[in-house]
Amino acid sequence: LPGLLKDERFVRMFLDEARLSLRLNHANVVSVFDIGKSENTYFIVMEYIEGTTLKKLMEHATGQGRRLPVALVIWTLNEILKGLEYAHNLADQDGKNLGIVHRDISPPNILISWNGEVKLTDFGLAKATTQLESTDPGVVKGKFSYLSPEAAHGVAVDGRTDIFAVGILGYE
């Protein structure tokens, strides 16, 4: 949004997300192809996923008075975990783990294509050791309903906080 361009910290966070996303190349993660600036506006060019979100799928099932089939839930969770395993284990060219933690695993950030692909999106809150912009101590990032106890207390998190959120998705 144009108003956010005046906030230098927000711009740095946006560019951090874009740089981080450029490194991610996995079937279960939305691909980012480019970042750029046109006049005074920054942008991210990413893969278009023709489909829906897990949130909309869950809402549709609830509206029909149904639950998603257990086999579909397990398969979807497995696909989410594949994307997270990739992100959590991604290393730089020297073999050093990048320390990526998504920190916002929730139904709106899980895309499901009409072809059945499950993809993680929105690494906007992701934490990685390569990021320039750091979170202030005690600052909570993510959707409250999916926060691990560590994240809710504003302390350091690792990949387990994403796994905790996947567990909540499974429960839902």
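Residues numbered from 1 in each chain as written. Predicted model: local features only at pLDDT ≥ 70, side-chain atom pairs only at ≥ 80, totals over all residues. Heavy atoms only, no water.

Enquirer: I keep staring at the overall build of the chain and nothing clicks. Help me out?
Expert: A count of helices and strands for the chain gives five helices and five strands. From first element to last, N terminus to C terminus, the chain shows the α and β order α-β-β-β-α-α-β-β-α-α. When the 172 residues of the chain are sorted by exposure, 39% land in the buried category. Contacts spanning at least 24 positions in sequence make up 61% of the contacts within the chain whose residues lie at least 6 apart. Within the structure as shown, the chain displays about 10,300 Å² of accessible surface, and the carbon and sulfur contribution to it stands at 55%. (Helix = DSSP H or I, 4+ residues; strand = E, 2+ residues; numbered from the N terminus. Buried < 20%, exposed > 50% of the residue type's maximum accessible area, 1.4 Å probe, protein only. Contact = heavy atoms within 4.5 Å. Areas by Shrake-Rupley, 256 points an atom, 1.4 Å probe, with all protein chains shown as cover.)

Enquirer: What is the right way to read the pairing of strand β1 (residues 32-38) from this model?
Expert: Direction of pairing for β1 relative to strand β2 (residues 41-46): antiparallel, over a ladder of six bridges. By the bridge assignment for β2, G36 is matched with F43. (Pairing = 2+ DSSP bridges.)

Enquirer: Is there a simple way to explain the confidence of the model for the chain in this structure?
Expert: Caution is warranted with low-pLDDT regions, since their predicted coordinates should not be read in detail. For the chain, mean pLDDT is 85; residues scoring 70 or higher make up 87% of the total. For residues 131-141, every residue scores under 50 in pLDDT, and the model assigns this stretch 25 contacts once sequence neighbours within four places are set aside. (pLDDT = per-residue confidence, 0-100.)

Enquirer: Mind showing me how you'd approach the pattern of salt bridges here?
Expert: Any two side chains of opposite charge can pair, given that their charged atoms come close. For the structure shown, the criterion picks out four salt bridges. Residue E59 pairs with K55 through a salt bridge whose shortest N-O separation is 3.9 Å. You can see E59 and its partner K55 sitting in helix α2 (residues 54-63), four residues apart, about one turn around the helix. Here E59 falls in the partly exposed class, since its relative accessible area comes to 45%. Relative accessible area serves as the criterion here: at 39%, K55 is assigned to the partly exposed category. Here K82 ties to E79 by a salt bridge, and the two come within 2.9 Å at their closest N and O atoms. (Salt bridge = Lys/Arg side-chain N within 4 Å of Asp/Glu carboxyl O.)

Enquirer: Could you clarify how one ought to interpret the sheet that holds strand β5 (residues 118-120) in this entry?
Expert: Through backbone hydrogen bonds, the strands of a sheet pair up, either in parallel or in antiparallel fashion. The three strands lie next to each other as β3-β4-β5, forming an open sheet whose pairing is antiparallel. Lying at the two open borders of the sheet, with one neighbouring strand each, are β3 (51-53) and β5. Within the sheet, the average angular offset between the axes of one strand and its neighbour, ignoring direction, is 25°. Two elements, β3 and strand β4 (residues 110-113), share three bridges in a ladder whose sense is antiparallel. Opposite T53, over in β4, you have L111 as the bridge partner. (Axes fitted to C-alpha atoms, helices over the stretch in contact; angles between N-to-C directions.)

Enquirer: It is not clear to me how the nonpolar core should be interpreted in this structure. Could you clarify?
Expert: Here is a general trend for soluble globular proteins: nonpolar side chains tend to be buried in one another's company. Counting residues in hydrophobic clusters, the biggest one holds 23 residues, and the most contacted among them are I80, I100, L120 and L169. Each residue touching L120, except ones within four places of it in the same chain, is listed here: N28, V29, V30, I80, G83, L84, I105, N109 and I110. (Core = buried A, V, L, I, M, F, W, Y, C linked by side-chain atoms within 4.5 Å.)

Enquirer: In this structure, what is going on with a nonpolar patch on the surface? I would like to understand it.
Expert: A cluster of nonpolar side chains, namely F33, F43 and V45, defines an oily patch on the protein surface of about 270 Å² accessible area. Note that F43 resides in strand β2. F43 sits in the partly exposed class, given a relative accessible area of 32%. (Patch = residues over 30% accessible without salt bridge, like charges linked within 9 Å, V, L, I, M, F, W, Y side chains within 5 Å.)

Enquirer: Explain the packing of helix α3 (residues 70-89) against helix α5 (residues 159-171) here, please?
Expert: Packed helices, taken two at a time, are described by their axes: the angle between them and the distance between them. Running from N to C, α3 and α5 point in directions that differ by 175°, and their axes come no closer than 11 Å. The pairing of α3 with α5 is recorded here as roughly antiparallel in orientation. Contact residues: L77, I80, L81, L84 and H88 in α3; G159, D162, I163, V166, L169 and G170 in α5. Residue classes in the contact of α3 with α5 are distributed as seven nonpolar, three polar and one charged. (Parallel < 35°, antiparallel > 145°, perpendicular 65-115°, else oblique. Nonpolar A, V, L, I, M, F, W, Y, C, P; charged D, E, K, R; others polar.)

Enquirer: Teacher, can you tell me more about the environment of I105 here?
Expert: Within the fold, I105 resides in the loop between α3 and β4. Taking relative accessible area as the criterion, I105 reaches 2% and is therefore assigned buried. Linking I105 and T161, residues 56 residues apart in sequence, is a C-alpha distance of 9.1 Å. With residues up to four places along the chain from it excluded, the contact list for I105 reads L84, L120, Y146, D162, A165, V166 and L169.

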